[in-house]
Amino acid sequence: MSNEILHARIEKRFNDIFEIPPEVPDYIYANLSHNLRPYQEEALRYFMYTQQSDAANISFNHLLFHMATGSGKTLMLAATILYLFKEKGHQNFVFFVNSDAIIKKTFDNLTNIASPKYLFNPEGIVIDGTTVSIQVVDVFPAFPADHTIYLKLTTIQKLHTDLTNPRENGLTYESLNETDLVLLADEAHHINALTRSDKKKLNTKELEEKTWESTVSKLLRQRPSNRLIEYTATIDLNNDALFQKYQDKIVFQYDLKRFMEDGYSKNVVLLRANEDDRQKMLNGLLLSQYRKYLAQDHGVTLKPIILFKSNKIATSLEANKTFLSLVEEMTAEGLKTVVDRGVSLYQNVQSIWYKMFAYYKEKDFDQVVRDLKWDFTHQTTLNANDSSFLSEGNALLLNTLEDENNPIRAIFAVAKLNEGWDVLNLFDIVRISEGASSTKTTTDSEAQLIGRGARYYPFIHREERSYVRRFDFLGSDLKVIETLHYHTINENAYIKNLEKSLEAANIQVKEDQYERLEAKVKSKIRKMDFFKNGKIYINKLVPTSASDYESFKDYNVSQAYDVQYETAIEQQYLSGQMTTNGSKRHEEQLLISRVLLQKAIQRNQFYCFNNLRTYIPSISSMKQFIEDKRFLGGLKINLSLPNGMTAQDLAPKEKLSVVERFLTYAEKNIRSNYMKERGTPVFEGVAMSQLIDDYVVEMNKVNKRINVTQVVRARNMRDHDWYIYDQAIVNGLESSLIDFINDYVEELREKYQEVYLIRNERKVKIVEIGQVRGFMPDFLLYLKDSDYTYQVFIEPKGTNLREHDEWKQEFLLSLSTRTDIEILNENDQVRLLGIKFYSDDRELKQAFREDFKEKIL
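Notes on the structure follow. The model shown is predicted, which means the values in this text are computed figures rather than measured ones. (Residues numbered from 1 in each chain as written. Predicted model: local features only at pLDDT ≥ 70, side-chain atom pairs only at ≥ 80, totals over all residues. Heavy atoms only, no water.)

The biggest cluster of nonpolar side chains holds 83 residues, and the ones touching the most others in it are Ile28, Leu32, Phe65 and Leu184. No other element matches helix H5 (residues 73-88), which puts 10 residues into this core. With sequence-adjacent residues up to four places away left out, leucine 184 is seen in contact with Leu77, Ile81, Phe93, Val94, Phe95, Phe96, Ile229 and Tyr231. Among the nonpolar cores identified, the runner-up in size contains 62 residues, and Ile525, Ile692, Ile738 and Phe775 belong to it. (Core = buried A, V, L, I, M, F, W, Y, C linked by side-chain atoms within 4.5 Å. Buried < 20%, exposed > 50% of the residue type's maximum accessible area, 1.4 Å probe, protein only. Helix = DSSP H or I, 4+ residues; strand = E, 2+ residues; numbered from the N terminus. Contact = heavy atoms within 4.5 Å.)

Right, dumping it as structure tokens:
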């Protein structure tokens with residue numbers, strides 16, 4: 001028997017050229033409160049595919065969504081309800097889980113229109129022009145009203161008790177046998193004790209769960225049209241019995257590793273320290289407040305939460321008291337002592353502790369103490385271990401921690417929050433070590449908690465809200481609000497177990513260590529007239545509007561797409577050098593059928609109409625996009641084929657692959673060109689000192705598996721007075737360009753009074769004239785003779801990118817030939833020059849050399 005899960009089998013079917021995956025219906029998009037992410041749309045398509053099968057009642061009546069914590073399983077649940085109501089006529093839904101706290105949260109998410117986490121459209125659910133209501137019930141009506149979804153929310157324990165001990169007017173197997181039923185199981189791994197045991201002797205808790213599993217199975221079997229849809233992030237598929245049960249039921253799998261790689265989570269960083277709990281609590285408190293201050297400094301609204309995690313309730317309650325007294329007793333003088341000690345202790349400038357203590361060193365300690373005492377009080381601290389914790393008020397506080405009006409800043413807990421807790425603004429988890437165990441069971445629980453805390457907080461920065469990380473590759477202090485810090489002990493046995501648990505949970509963890517490379521403008525350069533008073537010229541931009549995008553041409557997408565078809569390619573191992581078959585060729589146009597286009601479109605999530613129309617507002621339907629001559633209706637794909645071969649010889653999958661290549665190319669251009677500013681031929685000067693400054697490149701020390709030519713290194717340039725920085729932070733090709741300039745410096749100085757090479761570290765951007773594509777040339781060569789000042793744009797380009805970036809070279813070269821270039825300057829003594837790409841390819845390097853000498857020497 002194959003070891004493929006259902007997800008993999010459906011994926012293969014979708015890759016078949018003759019299988020067109022279903023489209024997510026518009027009514028689902030319209031009736032949810034959040035936009036579906038690409039993987040959620042994909043999950044829905046997989047689910048819909050099973051339900052459209054003639055064998056759905058037999059083969060696909062029991063399904064599982066295995067999706068990472070934080071990936072939006074509850075939104076998938078809401079979408080599932082809408083689909084089964086509209087397409088299959090289901091009205092009766094039972095949501096069950098093993099925790100009262102999750103019930104309260106889900107009740108809010110599915111029924112409370114005023115909740116910020118309400119999952120349906122707060123203006124009402126409307127399907128086919130008719131308003132649909134949701135009614136929460138204990139017992140389903142014998143005669144259900146039209147246009148109504150009935151929802152029963154219960155724990156699995158209560159559901160089992162109600163059915164096995166029936167009462168008058170209560171839920172019974174007999175009454176449920178008369179109605180179609182959809183069972184929605186959240187945190188579904190709790191109903192698998194019977195399967196999980198696999199002939200082992202069960203403990204008391206497992207025996208209880210065994211009866212729950214039997215209850216759910218009996219309900220599912222009562223009617224062929226019944227459905228059991230499970231949702232979990234936690235299922236052990238290494239357990240043979242569980243794998244056998246769920247192999248043909250896992251309709252969609254999206255694990256935490258993929259979720260984190262796609263950027264939908266915070267980064268996770270372990271902070272290990274040999275400190276007592278009181279010091280760890282103080283550091284966690286200061287780091288949380290540092291986040292808040294830093295966010296405020298950048299105009300970001302943020303209320304960061306700290307979770308203090310203990311193994312025992314008594315320890316947690318004591319830690320709560322210690323924490324509050326720590327804040328109450330804090331003084332400005334005491335805080336200054338702590339900060340001074342931190343500054344002297346943490347010397348690695350890339351460490352979060354160095355940054356935090358250096359920040360506080362410049363703050364008013366009196367003000368910081370006042371802020372801490374205002375933010376952290378009895379009223380803003382929640383203890384999840386109190387007997388009153390499960391009160392409705394506390395459950396609401398926990399489910400709305402992101403709200404500005406929610407006062408909570410710190411939470412003390414043992415285990416109640418490991419499941420079902422949806423929080424986005426948790427940034428610090430402090431492990432209270434007293435009485436803590438280092439066993440694998442303990443670290444498994446901690447890994448699960450870290451996974452919950454890793455949910456991304458979608459903050460607004462520069463008027464844009466992002467739902468994915470945006471500072472991974474930028475030297476920004478705002479990385480701290482895209483990071484979850486786990487404060488723990490530096491004890492080998494514990495750390496080894498924790499690392500195993502994190503690995504098993506597919507959680508990617510980073511250390512608080514970076515390599516920092518810094519380049520500074522030489523002090524001598526800063527004093528020179530060309531730097532103090534000189535200018536760098538960049539072209540002016542004009543805005544565009546949606547009405548400027550009426551065809552592929554406006555997105556810089558060519559409707560004539562050329563493809564060279566190769567029957568064989570040899571690639572040399574390690575070198576990457578490719579050899580094609582080299583036969584004589586002819587050109588032929590590929591006939592593109594509508595079925596081929598539709599299939600290719602279905603396989604690319606970007607072309608889901610709901611998404612596509614946000615980029616191409618001029619289309620009103622997918623039919624128009626396919627048929628309109630301005631878009632796919634005007635597409636011509638020209639194949640360069642070996643003699644003796646025709647387009648008809650291509651297999652269906654090969655034709656599909658060609659069309660998909662075009663759609664990928666078009667997607668990239670549509671994304672990068674829509675609603676951007678267009679470049680003009682008018683260049684204006686910006687003060688050099690404003691654009692050129694010291695810069696830093698941060699690199700993760702762990703990342704060593706990089707192509708040799710791309711390894712970034714610092715090169716000492718202090719003895720080269722023509723290079724304005726003390727260090728050149730460059731890769732191999734860029735370093736070679738510097739060597740080239742060095743070889744010609746003396747010759748340049750014979751012609752020019754001033755010669756300076758400037759590294760452009762993402763500061764100087766020019767935009768293609770009449771288009772929206774822009775780029776930042778890697779180097780600027782500043783030259784000055786008795787008549788003119790020259791600004792020369794120089795771009796090293798690896799062979800792998802040369803063809804893709806050919807437009808950049810054409811743009812640079814046009815600066816020397818266009819007659820409409822206008823330079824706004826007090827005089828006419830500025831000239832702009834562009835040189836061909838610098839390359840490590842021998843022939844291309846010679847072409848650069850000749851162009852350089854002709855234009856400059």
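Looking at helix H1 (residues 6-15), one finds that the buried residues are Leu6, His7, Ala8, Ile10 and Phe14. Contacts made by the buried residues of H1 are with helix H3 (38-51), strand E1 (62-67), strand E8 (250-254) and helix H23 (594-602).

What follows concerns the environment of phenylalanine 18. For phenylalanine 18, the location among the structural elements is in the loop between H1 and helix H2 (26-30). Sequence spacing of phenylalanine 18 and lysine 653 is 635 residues, and the spatial spacing of their C-alpha atoms is 9.5 Å.

What the 8 strands build is an open sheet, ordered E3-E4-E5-E2-E6-E7-E1-E8; its pairing is mixed. Strand pairing shows two members of the sheet lacking a second neighbour, strand E3 (125-127) and E8, which therefore form its edges. The sheet shows a mean angle of 20 degrees between the axes of neighbouring strands, taken without regard to direction. Here E1 pairs with E8 via 4 bridges, running parallel. (Pairing = 2+ DSSP bridges. Axes fitted to C-alpha atoms, helices over the stretch in contact; angles between N-to-C directions.)

Strand order in this open sheet of 3 strands is E20-E24-E23, and the pairing throughout is mixed. The open sheet has two edge strands, strand E20 (560-564) and strand E23 (585-590), and neither has a second partner. Mean inter-strand twist for the sheet, computed between neighbouring axes without regard to direction, equals 25 degrees. Packing against the sheet, helix H26 (residues 652-673) makes contact with E20, E23 and strand E24 (636-642), and its axis sits at approximately 130 degrees to E20.

Here we take up helix H13 (residues 277-297). Over its 21 residues, H13 extends 30 Å from the first C-alpha to the last, a length consistent with the 30 Å expected when each residue adds 1.5 Å. Following H13 by one or two positions, glycine 299 has its phi on the positive side, about 75 degrees. (Expected span 1.5 Å × (residues − 1).)

Once that is clear, we can look at the pattern of salt bridges. Inspection of the entire model under this criterion finds 35 salt bridges. Aspartate 180 is paired through a salt bridge with arginine 223; the nearest N and O atoms lie 2.8 Å apart. Remark: arginine 223 occurs in the loop between helix H10 (204-221) and strand E7 (227-232) and aspartate 180 occurs in the loop between helix H8 (173-176) and strand E6 (182-186); sequence separation between them is 43 residues. Residue arginine 223 is classed as partly exposed on the basis of its relative accessible area of 26%. A salt bridge links glutamate 667 to arginine 671; the nearest nitrogen and oxygen atoms lie 3.0 Å apart. A residue pair is termed a helical-turn pair when its members lie 3 or 4 positions apart in one helix, as glutamate 667 and arginine 671 do in helix H26 at 4 residues. Judged by its relative accessible area of 38%, arginine 671 is partly exposed. (Salt bridge = Lys/Arg side-chain N within 4 Å of Asp/Glu carboxyl O.)

Most of strand E10 (residues 305-309) is tucked away, with 5 of its 5 residues classed as buried. Here E10 shows no split at all, with Ile305, Leu307 and Lys309 on one side and Ile306 and Phe308 on the other all buried. Judged from the 4 bridges that link them, E10 and strand E12 (residues 410-413) form a sheet pairing that is parallel. Across the sheet, the residue bridging to isoleucine 306 is alanine 410, located in E12.

Turning next to the packing of H3 against H5. One can describe the packing of H3 onto H5 by two numbers: an axis separation of 11 Å at closest approach and a directional angle of 35 degrees. The chirality of how H3 crosses H5 is right-handed. Touching Gln40, Ala43, Leu44, Phe47, Met48 and Gln51 of H3 are Leu75, Met76, Ala79, Thr80, Tyr83, Leu84 and Lys88, all from H5. Residues belonging to the contact of H3 with H5 are distributed by class as follows: 9 nonpolar, 3 polar and 1 charged. (Left-handed = near helix turned anticlockwise from the far one by under 90°. Nonpolar A, V, L, I, M, F, W, Y, C, P; charged D, E, K, R; others polar.)

A few words on the side chain of glutamine 727. Take glutamine 727: it is sitting in strand E28 (residues 727-730). With relative accessibility at 15%, the residue glutamine 727 sits in the buried group. Once residues lying within four places of it in the same chain are set aside, the contact partners of glutamine 727 are Glu518, Ala519, Ala714, Arg715, Asn716, Met717 and Arg718.

A separate point is the side chain of histidine 7. Locating histidine 7 in the fold gives a position in helix H1. If we ignore the near neighbours within four places in the chain, the residues touching histidine 7 are Tyr46, Ile250, Val251, Phe252 and Gln253.

For asparagine 556, which is not a glycine, the phi torsion comes out positive at approximately 65 degrees. Mapped onto the elements of the fold, asparagine 556 is located in the loop between strand E19 (535-542) and E20.

Our focus in this paragraph is the environment of valine 521. Mapped onto the fold, valine 521 is located in the loop between strand E18 (514-519) and helix H21 (523-526). Sequence separation between valine 521 and isoleucine 758 is 237 residues, and the spatial gap between their C-alpha atoms is 9.7 Å. Contact partners of valine 521, with chain neighbours within four places excluded, come to Arg526, Phe531, Ile692, Asp693, Asp694, Ile724 and Tyr725.

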